[in-house]
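Structural characterization, general
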Amino acid sequence: MSEKKYVVAIDQGTTSTRCMVFDRKGLPVCSQQMEHAQIYPNPGWVEHDAMEIWSRTQDVIRGALSAGNIAAGDIAAVGITNQRETTVVWEKSTGKPIHNAIVWQCMRTQDFCAQWQKSSGWEQTITGEGKVKDITGLLISPYFSGTKIKWILDRVPGARERAERGELLFGNTDTWLIWNLTGGPNGGVHVTDVSNASRTLLMNIETLRWDRTMMDFLGIPEAMLPQIKPSSHVYGNTVKHGPFGAEIPIAGDLGDQQAALFGQACLSKGEAKNTYGTGCFMLMNIGDKPIPSKNGLLTTAFYSREEGRCVYALEGSIAITGAAVQWLRDNLKLVDEAPDTEYFASKVEDSGGIYFVPAFSGLFAPYWDMTARGAIVGLTRFIRKSHIIRATLESICYQTRDVIEAMQKDSGVNLTSLKVDGGAVKNDLLMQMQADILGTEVVRPVVNETTALGAAYAAGLATGFWKDESEIRNNWAMDRKFASLSTTERRRAMYDGWKKAVEKSRGWTD
Ligand code: ADP
């Protein structure tokens, strides 16, 4: 067992970057977090300044180590987790990005994607047919990195030729930070892991290598792509003159949702977690074969501990969950703070027969229907503010059930327990309602910072700080379990109502 006391995780998120220090029990010791600017050059476009992200990363590392009085000599390893898909292209010789980072939420390549689906014969349906889904496990969508890289290479003069000559590098923010932490233009290592690579539209989901067909179709030279490595692996050392002030192995790299699945110790086939934030992200460990989804989910690499092999996950994302609570707070002014929803929703026994389908920007998994728009149905004069608030919380639970049903169909696994994390799981009523609507136990862990913890685990496993996966399972501790208090008939009737409400919301726009 190593003598060192801590593992450091860097969580490079969409709105902020956080550095967290964990001890051997997987408990947080200290942390620091800083936001970065969100840049909106056009409606639906979102960018970040990659230099600002690098600068904030250095600040939060120094800040966290200083807040906890942590000596670099006590750190066994560093793990990185990151907002997935966000695309950075930079000059190898200077470390300067040639364009702002294009963020996962950015829709600028939507027209290209629509064209691609129509004209290439590569179209796919949510039932899982189609070339792109077969090769990558994904759908044709502006969400993934591939079309974002293409956009930069098409727009920045000379970029494609420079990329072919190996003068430009691509990375998601994991790759960008690892390259900078290991020396940047002076010998920085250019790597990513399978979980991030599987979100680019460029990685073959079976071979775990960059796929020639996809690279050729999008016109992306292989010379600019990072090497795909396991998620738990020593990539290189931080440099002495960097923010750690010492050489420490960087040994973990996982996309944020996969990191949360790892941090929740969902290490056996059939285990799943749901993260309740602005949207919801549900992932299920499906073992070492990439099951193609026939029910509107994505197939994605979960993690790898050895070259050429990985554990896979099915993923279902829901666009609007916590964001619907924000809408009650900011647009309707029904509550002052998000946690007040628990108080108001508990004042009524049920939602009075109404359903709220928060399809503000269409419906994601498992429907993938961009023509749907938000709807509150079943209104009568009886309905009060508390009913609307309760229906909002219920909408989070119903949407989660939609995704779980798809996952169960695809995987053949009947989920008996769901691990939860994210900002909204502090709401006990929401968790109880979730158990009631699913008929499945909902389990909340003590450490809710599962994303950073997952990255720390990946790094600690690669360096022997933690011996094996059983230590990680043992560290996982439950805060509270919510068992269903509802009857089967009531659950069925409520869910039937939801399905009817979803139908009403669909086909609203062209
Ligand atoms: P993200 O990481 O997506 O920014 P967080 O994990 O911080 O989000 O979760 C915040 C989201 O959860 C917000 O959308 C907020 O409206 C919602 N939320 C936070 N606390 C509660 C609560 N007690 N009840 C219901 N929703 C909540």
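Refer to the preceding data block for the structure.
Here is a short report on the structure shown in this document. (Residues numbered from 1 in each chain as written. Predicted model: local features only at pLDDT ≥ 70, side-chain atom pairs only at ≥ 80, totals over all residues. Heavy atoms only, no water.)

Quick word on the pattern of salt bridges
Applying the stated criterion across every chain, the model contains 30 salt bridges. One salt bridge in this structure joins E167 and R165, with 2.7 Å as the shortest N-O distance. The class for R165 is exposed, based on a relative accessible area of 55%. Here K289 and D288 are joined by a salt bridge, their closest N and O atoms 3.6 Å apart. By relative accessible area, which is 57% here, K289 ends up exposed. Through salt bridges with shared partners, a single ionic network connects R84, E85, R199, D256 and E315. (Salt bridge = Lys/Arg side-chain N within 4 Å of Asp/Glu carboxyl O. Buried < 20%, exposed > 50% of the residue type's maximum accessible area, 1.4 Å probe, protein only.)

Side note on the pairing of strand β12 (residues 249-255)
When you tally the buried positions in β12, you get 6 out of 7 residues, the bulk of the element. Bridge count between strand β11 (residues 232-237) and β12: 3 bridges; the pairing is antiparallel. Bridge pairing in β12 places S232 opposite G252. (Helix = DSSP H or I, 4+ residues; strand = E, 2+ residues; numbered from the N terminus. Pairing = 2+ DSSP bridges.)

Considering the sheet that holds strand β14 (residues 280-287)
Strands sit in the order β15-β16-β14-β13-β19-β20-β21 across an open sheet of 7 strands; the sheet is mixed. The strands lining the two open edges of the sheet, one partner per strand, are β15 (298-306) and β21 (478-482). The sheet shows a mean angle of 25 degrees between the axes of neighbouring strands, taken without regard to direction. Docked against the sheet, helix α12 (residues 385-411) engages β13 (272-276), β14, β16 (309-318) and β19 (417-421), running at close to 20 degrees with respect to β14. (Axes fitted to C-alpha atoms, helices over the stretch in contact; angles between N-to-C directions. Contact = heavy atoms within 4.5 Å.)

Digging into the packing of aromatic side chains
The tally for this structure, following the rule as stated, stands at 21 aromatic pairs. Arranged with centres 5.7 Å apart and planes meeting at 40 degrees, the rings of Y355 and Y398 form a pair that is tilted. Of this pair, Y355 sits in strand β17 (residues 355-357) while Y398 sits in helix α12, and the two are 43 residues apart along the sequence. For the pair shown, Y355 and Y398 are each scored as buried. Through a chain of ring-to-ring contacts, the aromatic side chains of Y355, Y398, Y495 and W498 assemble into a single cluster. Over the face of the ring belonging to Y495 we find R401, whose NZ or CZ atom lies 3.8 Å from the ring centre. (Phe/Tyr/Trp six-rings, centres within 6.5 Å; stacked < 30°, edge-to-face > 60°. Lys NZ or Arg CZ within 6 Å of the ring centre and 35° of its normal.)

Describing the pairing of β14
Burial analysis of β14 places 8 of its 8 residues in the buried class, which makes it a mostly covered element. Examined bridge by bridge, β13 and β14 share 5 bridges and lie antiparallel to one another. If you follow Y276 over to β14, its bridge partner there is C280. Counted between consecutive antiparallel strands, the loop separating β13 from β14 contains 3 residues.

Overview of the layout of surface pockets
Put simply, the second largest pocket is a space of about 210 Å³. Taken together, the elements giving at least two residues each to the lining of the second largest pocket come down to β10 (227-229) and β15. Per-element accounting of the lining of the second largest pocket gives the leading share, 3 residues, to β10. Looking at the lining of the second largest pocket, its residues break down into 6 nonpolar, 4 polar and 5 charged. (1 Å grid on protein atoms, 1.4 Å probe; cavity = no way out; pocket = protein on both sides within 12 Å on 5 of 7 lines; lining within 4 Å. Points joined across faces, edges and corners; volume = space filled by probe spheres on them. Nonpolar A, V, L, I, M, F, W, Y, C, P; charged D, E, K, R; others polar.)

Points about the site of the ligand
Around the ligand there are 14 residues in total, and T278, G322, Q326, G423 and N427 lie nearest to it. One nitrogen or oxygen atom from the side chain of Q326 is found 2.7 Å from an oxygen atom belonging to the ligand. In the environment of the ligand, an oxygen atom lies 2.8 Å from a nitrogen or oxygen atom belonging to the backbone of G423. In isolation the ligand offers 580 Å² of accessible surface; the protein chains occlude 68% of this area. In terms of residues, the shell around the ligand owes the most to one element, helix α10 (residues 322-330), which gives 4 residues. Across the shell around the ligand, the residue classes break down as 6 nonpolar, 8 polar and no charged. (Near = heavy atom within 4 Å. Polar contact = N/O pair within 3.5 Å; in protein donor to acceptor, adjacent residues only side chain to side chain. Areas by Shrake-Rupley, 256 points an atom, 1.4 Å probe, with all protein chains shown as cover.)

Comments concerning unusual backbone geometry
Here the residue pair A365 and P366 is connected by a cis peptide bond, since its omega of -5 degrees sits within 30 degrees of zero. Relative to the helices and strands, P366 is located in the loop between β17 and β18 (375-377). Positive phi is not limited to glycine here, since E85 has a value of about 75 degrees. Mapped onto the elements of the fold, E85 is located in the loop between β5 (75-82) and β6 (88-91). Its identity is not glycine, yet W368 carries a phi of approximately 45 degrees, on the positive side. Relative to the helices and strands, W368 resides in the loop between β17 and β18.

Brief notes about the sheet that holds β11
If you trace the 6 strands from one edge of the open sheet to the other, you get β3-β2-β1-β5-β12-β11, paired in mixed fashion. Only two strands of the sheet have a single partner each, and these edge strands are β3 (28-35) and β11. The sheet shows a mean angle of 25 degrees between the axes of neighbouring strands, direction not considered. Summarising the sheet, strand β2 (residues 16-22) and β3 pair through 7 bridges and their orientation is antiparallel. Directly across from F22, in β3, lies its bridge partner P28. In the packing of helix α1 (residues 50-67) onto the sheet, the strands contacted are β1 (6-12), β2, β3 and β5, and the crossing angle to β3 comes to about 150 degrees.

Considerations on helix α16 (residues 488-505)
For α16, spanning 18 residues, the distance from its first C-alpha to its last is 26 Å, which sits close to the expected 26 Å at 1.5 Å a residue. If you check which residues of α16 are buried, you get R491, M494, Y495, G497, W498, A501, V502 and S505. Projected down its long axis, α16 carries its buried residues within an arc of 150 degrees, all on one side. Among the exposed residues of α16, those oriented more than 90 degrees off its buried face are E489, K500 and K504. In the core, the buried residues of α16 are packed alongside β17, β18, α12 and α13 (428-438). Just downstream of α16 lies G507, where phi reads positive at about 70 degrees. (Expected span 1.5 Å × (residues − 1). Arc of directions from axis to C-beta.)

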